[in-house]
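Next come the chains, spelled out residue by residue.
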Amino acid sequence: MFLGISACSAQTKNQFYADVVAKTSEANILKDLTTFENFGIKNVGSEALTQCETWITSRYKRLGYTDIVLQPFSYKAGTSHNIIVTKTGTKYPNTFIVIDAHYDTINGPGTNDNGTGTILIMELARLLKDIDTEYSIKFIHFSGEEDGLIGSNYYVKNTVIKDQLDIKLVFNIDEVGGVKGKTNDTVVCERDESQPTSNNEASAKATTQLANYMRLYSNLKTEIANAYASDYMPFEDQGFVITGLFEKHESPMNHTKDDDLAHMDVAYVYEITKGALGAALEFAVAIKK
Ligand SMILES: [Zn+2]
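The present account deals with the structure reproduced in this document.

Conventions used here
- Residues numbered from 1 in each chain as written.
- Predicted model: local features only at pLDDT ≥ 70, side-chain atom pairs only at ≥ 80, totals over all residues.
- Heavy atoms only, no water.
- Helix = DSSP H or I, 4+ residues; strand = E, 2+ residues; numbered from the N terminus.
- Rg over C-alpha atoms; globule rule 2.2 N^0.38 Å.
- Buried < 20%, exposed > 50% of the residue type's maximum accessible area, 1.4 Å probe, protein only.
- Contact = heavy atoms within 4.5 Å.
- Areas by Shrake-Rupley, 256 points an atom, 1.4 Å probe, with all protein chains shown as cover.
- Axes fitted to C-alpha atoms, helices over the stretch in contact; angles between N-to-C directions.
- Parallel < 35°, antiparallel > 145°, perpendicular 65-115°, else oblique.
- Left-handed = near helix turned anticlockwise from the far one by under 90°.
- Core = buried A, V, L, I, M, F, W, Y, C linked by side-chain atoms within 4.5 Å.
- Pairing = 2+ DSSP bridges.
- Donors = N, O, S within 2.8 Å, 3.2 Å for Na, K, Ca; no water.
- Tetrahedral: all angles 85-135°; square planar, octahedral: opposite > 155°, others 65-115°.
- Phe/Tyr/Trp six-rings, centres within 6.5 Å; stacked < 30°, edge-to-face > 60°.
- Lys NZ or Arg CZ within 6 Å of the ring centre and 35° of its normal.

## Re the overall build of the protein
- What the protein contains, in helices and strands, is nine helices and 10 strands.
- What you see for the protein is a C-alpha radius of gyration of 18 Å, in line with the 19 Å of a compact globule of 289 residues.
- C-alpha extents for the protein along the principal axes are approximately 60 × 45 × 40 Å.
- Here the protein holds 289 residues, and 58% of them are scored as buried.
- In the protein, of all internal contacts separated by at least 6 residues, the share reaching a separation of at least 24 is 81%.
- In the form shown here, the protein has an accessible surface area of approximately 12,000 Å², with 51% of it arising from carbon and sulfur atoms.

Below, the structure written as structure tokens:
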């Protein structure tokens, strides 16, 4: 390594992390997005959503995760579950990095919104399984998002607050599929610009770090914008530090029957997954055994 070059950068690439990121599989991403799409419309109360829930849960079991909790909640649309998978940290077992995405959809298969976030997290979980991290990680697949952040609100109220969870950062992924035919070379990193303001500075710092990690571990450019209308907001409302990823070109197909693979850019999801994995390794402080 030629140190003169890395000294120019605010943050430098960790070679161990880069080696893990290199194992990200575009073939896995395409296969999982296809499976997600084939379940159909996954609104709360549908059989399709239950099938998708079983698919996600089985994946974690097969990967070897043992701390898998299905958290039920009910409202007028029906009963659904948040899927919460915990990987215990070596140094700070009781401090959590939450990496989350919703898996329910509305009006269509939701391959972009939010199959992309769903399968991104499963790919991270695959590659992080046998890597030690100083902080604990919670991979959370929320449901009821499209009906008004129902699952994440339920989790924050009934688990986070009730159990007084110590959360270092909430990292939310929602709609990172891009638009077919456009140049999808930039990811939006989202920071907290809403009330309460006590946590905004910490979110801005984490989001600047996230943008740096996205550039270090993927070939994407980054932009910073405000966080809104996704599962990080119930955490934000309670003063937690949040950040998130969103596509630069917002798909016009989201929440329609045409939110599918044909209208998005799988290579873009692959790059975002690489960057997000680099960020997860950095935020959770992964260590070489
Ligand atoms: Zn969404």
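## Overview of the packing of helix H3 (residues 26–38) against helix H4 (residues 47–63)
- Viewed as axis vectors pointing N to C, H3 and H4 meet at an angle of 150°, and their least axial separation amounts to 10 Å. When the axes of H3 and H4 are compared, the pair comes out roughly antiparallel. Crossing geometry of H3 relative to H4 is assigned as right-handed. Only Cys52, Trp55 and Arg59 of H4 make contact with H3, whose side of the interface consists of Asp32, Thr35 and Phe36.

## Regarding the nonpolar core
- Within the largest apolar cluster, 67 residues are counted, with the highest numbers of intra-cluster contacts made by Ile99, Phe139 and Leu245.
- The element that contributes the greatest number of residues to this core is helix H9 (residues 266–283), accounting for 11 residues.
- Contact partners of phenylalanine 139, with chain neighbours within four places excluded, come to Tyr60, Tyr65, Ile83, Ile84, Val85, Lys87, Ile99, Ile121, Leu124, Ala125 and Leu128.
- By size, the runner-up hydrophobic cluster in this structure holds 18 residues, among which are Leu165, Val170, Ala227 and Ile242.

## Comments concerning the pairing of strand E6 (residues 166–173)
- Extensive coverage of E6 is indicated by the burial of six of its eight residues.
- With four bridges joining them, E6 and strand E9 (residues 242–247) adopt parallel strand pairing. Its bridge partner being in E9, valine 170 is matched across the sheet by isoleucine 242.

## Details of the coordination of the zinc ion
- Listed as protein donors to the zinc ion are His102 (NE2), Asp113 (OD), Asp174 (OD) and Asp174 (OD); their distances from the metal cover 2.0 to 2.6 Å.
- For the zinc ion, the four donor atoms in the first shell make angles of 53 to 149° at the metal, a pattern classed as irregular.
- Sequence positions of the donors to the zinc ion reduce to the motif H-x10-D-x60-D. Placement of histidine 102 in strand E3 (residues 92–102) and of aspartate 174 in the loop between E6 and strand E7 (186–191) is noted, with a sequence separation of 72 residues between them. Each member of the pair, histidine 102 together with aspartate 174, is buried.

## Observations regarding the environment of aspartate 19
- Residue placement: aspartate 19 occurs in helix H2 (residues 15–21).
- The class for aspartate 19 is partly exposed, based on a relative accessible area of 41%.
- Between the C-alpha atom of aspartate 19 and that of glycine 278, which follows or precedes it by 259 residues, the distance is 9.8 Å.

## Things to note about the packing of aromatic side chains
- As enumerated under the stated definition, the model contains 14 aromatic pairs in all.
- With centroids separated by 4.5 Å and ring planes inclined at 20°, the aromatic side chains of tyrosine 92 and tyrosine 135 adopt a geometry described as stacked. With a gap of 43 residues between them, tyrosine 92 in strand E3 and tyrosine 135 in strand E5 (residues 135–142) connect regions that are remote in the sequence.
- Take tyrosine 135: its relative accessible area is 14%, and that puts it in the buried class.
- Consider the rings of tyrosine 213 and phenylalanine 283, whose centres lie 5.3 Å apart with planes at 80°: the pair is edge-to-face. With tyrosine 213 in helix H7 (residues 200–217) and phenylalanine 283 in helix H9, the pair connects residues that are 70 residues apart, well separated along the chain.
- Note on tyrosine 213: relative accessible area 6%, which makes it buried.
- Phenylalanine 283 sits in the buried class, given a relative accessible area of 5%.
- Taking NZ or CZ as reference, lysine 129 lies 5.7 Å from the ring centre of tyrosine 65, over its face.
- Across the ring face of phenylalanine 96, the terminal group of lysine 138 is positioned such that the distance to the ring centre comes to 4.6 Å.

## Overview of the pairing of E3
- Counting buried residues in E3 gives eight out of 11 residues, a clear majority hidden from the surface.
- As paired elements, E3 and E5 share eight bridges and run parallel to each other. Counterpart to phenylalanine 96 in the pairing with E5 is serine 136.

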